[in-house]
Amino acid sequence: MKNICVIGIGYVGLPTAAMFASKGHKVVGFDVNKKAVNALNRGEIIIEEPGLKELVKQVVESGNLTGSTECPEDSDVYIIAVPTPINPDKTADMRYVETATRSIVPNLREGNIVILESTSPPRTVEDLMLPILSESGLEMGTQVYVAHSPERILPGQVLYELRTNSRIVGGINDESAQAVKALYEDICEGEICITTATTAEMCKLMENTFRDVNIALANELAKMSEELGVNAWEVISLANKHPRVNLHSPGPGVGGHCIALDPWFLVEKSKNALLINQGRLINDSMPEYVFEKIKDTLGGFNGQLITLLGVTYKPDIDDVRESPIMKLWSMLKKEKVAVNACDPHANEKVGCMRDVYAACYRSSMVILCVNHKEFKDLDFDKIKELMEGDAILDTRNYFDRETVEKAGLKYMLLGDGRNK
């Protein structure tokens, strides 16, 4: 069993640390976030993820997982799982990866393994990390084994997918790749594929870019459908009956720390990422598109109250990173529009209301932004009584039109040109 230091105990690092600890490894979760570290040492978590709370409590009580705000000196393995956000100019902000890498150097010794899990632009391992790690005086690839092994997990199913998904290990040489593969075999039941570090970086980026570009196609379809008088959702349903077609669903934008950011890493690094760049621009335009629909429906903003149902970037989680709804909310605030935002998952994080009906009280317009399960079977008769207006905008094709209209409300669906 090994001593493992996981640098960054957020949505990726903490589940990874807990999984290794559950296999008997001695794991330290290192983070500058004292709140996260203190919670970990109490056997608690500050994020929402099914099954994680119970697992963390178990491995902390066993003594196999502890938290620290100081990088431990004695580790066999260092796993970097820090954020890789983007700058305002859409370039990658690699400060956290650089800082994490530098924190390792004083403690490196022969035989150590260093793994980057953070999603990063191509050649991050080769061009950013290796020069820093080489300052230790050790030879990379023979005395210290270095690789990129990106996470491929879905929020809400993290523990299951950590265990069952296939995994890519990109080493700076074969010795590094084999050492890291042997480590991950402890927690991964899926196939572990060996490649180079840069290829692994490209694979992770293209996985998320594939989804982003396809969502952009669906969002462009939604805009065209409203222009041409057809229902995009019907088009998608019928087109997907073709055995080789799988159109995605439109929505108010793309969020999360992966799909909304990763394609920009490719745009930054390659002049040939033209389709990728356009897809990002389309998806980033959707909050403004929804904003204009709200404004048009209300005939301008004149002191009305707007209700937003859901602010996270996807349903049934508490993650608001890069959420397009947070951007929409900000745009409404700038216009001095009163907003009641309701989200049962993120209410503590961003000050949302928890009760749907209270959020609809005296509202001029209700927008279904995120299809949380709590919003599935609402009492629209009650909502009609509470509202001052009658407009319901469904951006996710989640509500039943007949039920909404039977309550005397005006139902509008994003991408349905027949509304006009």
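Scoring rules and cut-offs
- Residues numbered from 1 in each chain as written.
- Predicted model: local features only at pLDDT ≥ 70, side-chain atom pairs only at ≥ 80, totals over all residues.
- Heavy atoms only, no water.
- Helix = DSSP H or I, 4+ residues; strand = E, 2+ residues; numbered from the N terminus.
- Rg over C-alpha atoms; globule rule 2.2 N^0.38 Å.
- Buried < 20%, exposed > 50% of the residue type's maximum accessible area, 1.4 Å probe, protein only.
- Contact = heavy atoms within 4.5 Å.
- Axes fitted to C-alpha atoms, helices over the stretch in contact; angles between N-to-C directions.
- Parallel < 35°, antiparallel > 145°, perpendicular 65-115°, else oblique.
- Left-handed = near helix turned anticlockwise from the far one by under 90°.
- Nonpolar A, V, L, I, M, F, W, Y, C, P; charged D, E, K, R; others polar.
- Pairing = 2+ DSSP bridges.

Enquirer: Hey, could you run me through the overall build of the protein in this one?
Expert: Looking only at helices and strands, the protein has 17 helices and 13 strands in total. Its C-alpha radius of gyration of 23 Å places the protein within 12% of the 22 Å reference for a compact globule of 420 residues. Its C-alpha atoms put the protein at 70 × 50 × 40 Å along the principal axes. For the protein, buried positions account for 55% of its 420 residues. Contacts spanning at least 24 positions in sequence make up 71% of the contacts within the protein whose residues lie at least 6 apart.

Enquirer: What am I meant to see in the packing of helix α10 (residues 262-269) against helix α11 (residues 274-284) here?
Expert: Geometry of a packed helix pair, given as the angle between the helix axes and the separation of the axes. Where α10 contacts α11, the axes come no closer than 9 Å and their chain directions differ by 140°. Judged on the interaxial angle alone, α11 and α10 are oblique. Both α10 and α11 take part in a crossing whose hand is left-handed. Residue-level inspection shows Pro263, Trp264, Leu266 and Val267 of α10 in contact with α11, the latter providing Ile276, Asn277, Arg280, Leu281 and Asp284. Here the contact of α10 with α11 is composed, by residue class, of six nonpolar, one polar and two charged.

Enquirer: Help me understand the sheet that holds strand β6 (residues 145-148) in this model?
Expert: Working definition: the strands of a sheet are paired by backbone hydrogen bonds and lie parallel or antiparallel to each other. Taken in spatial order, the eight strands line up as β3-β2-β1-β4-β5-β6-β7-β8 in an open sheet, and their pairing is mixed. With partners counted over all chains shown, the strands left at the sheet margins are β3 (65-68) and β8 (192-196), one partner each. Adjacent strand axes in the sheet meet at a mean angle of 25°, parallel and antiparallel pairs treated alike. Across four bridges, the pairing between strand β5 (residues 113-116) and β6 is parallel. Bridging from a neighbouring strand, valine 114 pairs with valine 146 of β6. Strand contacts of helix α4 (residues 95-104): β1 (3-7), β2 (26-30), β4 (77-80) and β5, with the helix running at about 170° to β4, the strand carrying the most contacts.

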